[in-house]
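# Chains, contacts and geometry: an overview
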Amino acid sequence: MKDFVFHNPTKIVFGRGKASVIGDELSLDGHKRVLMIYGGGSIKRNGTYQTVVESFKRNNIEHFEISGVKPNPILSKVKEAISFGREKAVTAVVPVGGGSVYDSAKAIAAGIATDNDIWEAFLGKWKVKSALPIYGILTISATGSEMNGNAVITDEKTSEKRSISASVIYPRVSIIDPEIQFTLPKNQTVNGAVDAISHVCEYFFNGYSESFIQDHIAASIIRTIISSTEVLIDEPQNYEARAQFAWAATLALNGINAAGRGSGDWASHQIEHSLSGLYDIPHGVGLSIIMPAWMQYVLDTEPSSMTPRFDLFAKLVFDSVEKNSMTNAHNAIQKLKNWFKNIGQPVSLTEVGLSEKHIPQILDNIEHIGLPTGKAKKLYRDDVEKILKLAI
């Protein structure tokens, strides 16, 4: 294992009915004016909104609201909320939603705490050193944003999708109530499953192989997501499956899976960010298309280093034990791709209306964000082009 420092400051409150304690958690830290962030209104339909507002009232907390956060969160909404939060002199930000709402809240919390242009932090021109504290309620398990210091935002004017990472934007408290997710449509559940699995894979296939315990943690997370997703497709209100799914998705990207491995590969994510930035494709859809193609490409071009990793992945995740390790390695990719198909995910660009004619635009966008990318194999423009052609 590599040397590492693991520190996660987020307090998780997990279980039935826990959304009602959000006001208590804020009051413990003395907050009386907060900015609540949410998306398109599903929290009003499922009762979460009323639960949160009543919790604020019980604790004499004045709250202000910004709604309308999109699944691929955009910069203009972040800037609108920053201005509003400053005007109202809020002392904390409360995301009630999934990863997009959490990511927006992180950018907003950092933006309120500085006079700098928040987008310039995403461009790498300055580092986030301060932010308002974040107290959130998770409504969709997928991104792991409820327990990490990462945020991804799209500048809709340029179609650039970029990220920031900072210790100060870890949520102070995140509440995970699996019952809130009972009403999620199937596509949001399966998109979340793909996203969470991809987070685990970014570390599993980062070119480093000496971490026995991490390999088994990674496989356990993926197997849990697979089994719970299959239950939830038919039984969306199965509490145990929702709970297992939710905690596995959190563990996928809260740092525990990365400890001892070093940084992740993240090439699949960067390529996908171009797809969703340009064409507003759901993140989980883009990943189900790109990740198998990336896997195939790196296995074919780096067989000596990557065959043992995919062979192990096949054994640990799918119980595939072909004697020929290369055969087993290819089995791993095909089995994952088949599972994506079985849960209703697209696995090719043509399924989302894209073709080879779109590849130059995607490549230009990726190159603008920054190449080379990747760790298991450094990818340049021609490499990414080959991956995209594999994904057609």
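Look up: the structure comes first, before these words.
Okay, so let's go over this structure. Just so you know, these numbers come straight off a predicted model, no measurement behind them.

The interhelical angle for the contact between helix α10 (residues 267–279) and helix α11 (residues 283–301), taken along N-to-C directions, is 130 degrees, at an axis separation of 9 Å. Classified by the interaxial angle, the pair formed by α10 and α11 is oblique. Judged by the sense of rotation from one axis to the other, the crossing of α10 with α11 is right-handed. Here A267, S268, H269, I271, E272, H273 and L275 of α10 come into contact with α11, specifically with H283, G286, L287, I290, M291 and W294. Here the contact of α10 with α11 is built from residues that sort into seven nonpolar, five polar and one charged.

Turning our eyes to something else, we now look at the environment of N328. Inspection of the secondary structure assignment puts N328 in helix α13 (residues 325–342). On the basis of relative accessibility, which here comes to 0%, the residue N328 falls in the buried class. For the pair N328 and R172, spaced 156 residues apart in sequence, the C-alpha separation works out to 43 Å. Discounting residues that sit within four places of it in the chain, N328 has contacts with F310, D311, A314, K315, S320, V321 and E322. Within the structure, N328 has its side chain in polar contact with the side chain of S320 (distance 2.6 Å).

Further remarks concern helix α14 (residues 359–369). Of the positions making up α14, those classed as buried are I359, I362, L363, N365, I366 and I369. Angular distribution of buried residues about the axis of α14 spans 160 degrees; they occupy a single face of the element. Looking one or two residues beyond α14, the residue adopting positive phi is G370, at roughly 145 degrees.

The subject of this paragraph is the pairing of strand β5 (residues 135–138). Residue alternation in β5 divides its side chains into two sets, Y135 and I137 and G136 and L138, and both sets are buried. Examined bridge by bridge, β5 and strand β8 (residues 173–176) share four bridges and lie parallel to one another. Each residue of the ladder has a partner; that of G136, found in β8, is S174.

Parameters and conventions
Residues numbered from 1 in each chain as written. Predicted model: local features only at pLDDT ≥ 70, side-chain atom pairs only at ≥ 80, totals over all residues. Heavy atoms only, no water. Axes fitted to C-alpha atoms, helices over the stretch in contact; angles between N-to-C directions. Helix = DSSP H or I, 4+ residues; strand = E, 2+ residues; numbered from the N terminus. Parallel < 35°, antiparallel > 145°, perpendicular 65-115°, else oblique. Left-handed = near helix turned anticlockwise from the far one by under 90°. Contact = heavy atoms within 4.5 Å. Nonpolar A, V, L, I, M, F, W, Y, C, P; charged D, E, K, R; others polar. Buried < 20%, exposed > 50% of the residue type's maximum accessible area, 1.4 Å probe, protein only. Polar contact = N/O pair within 3.5 Å; in protein donor to acceptor, adjacent residues only side chain to side chain. Arc of directions from axis to C-beta. Pairing = 2+ DSSP bridges.

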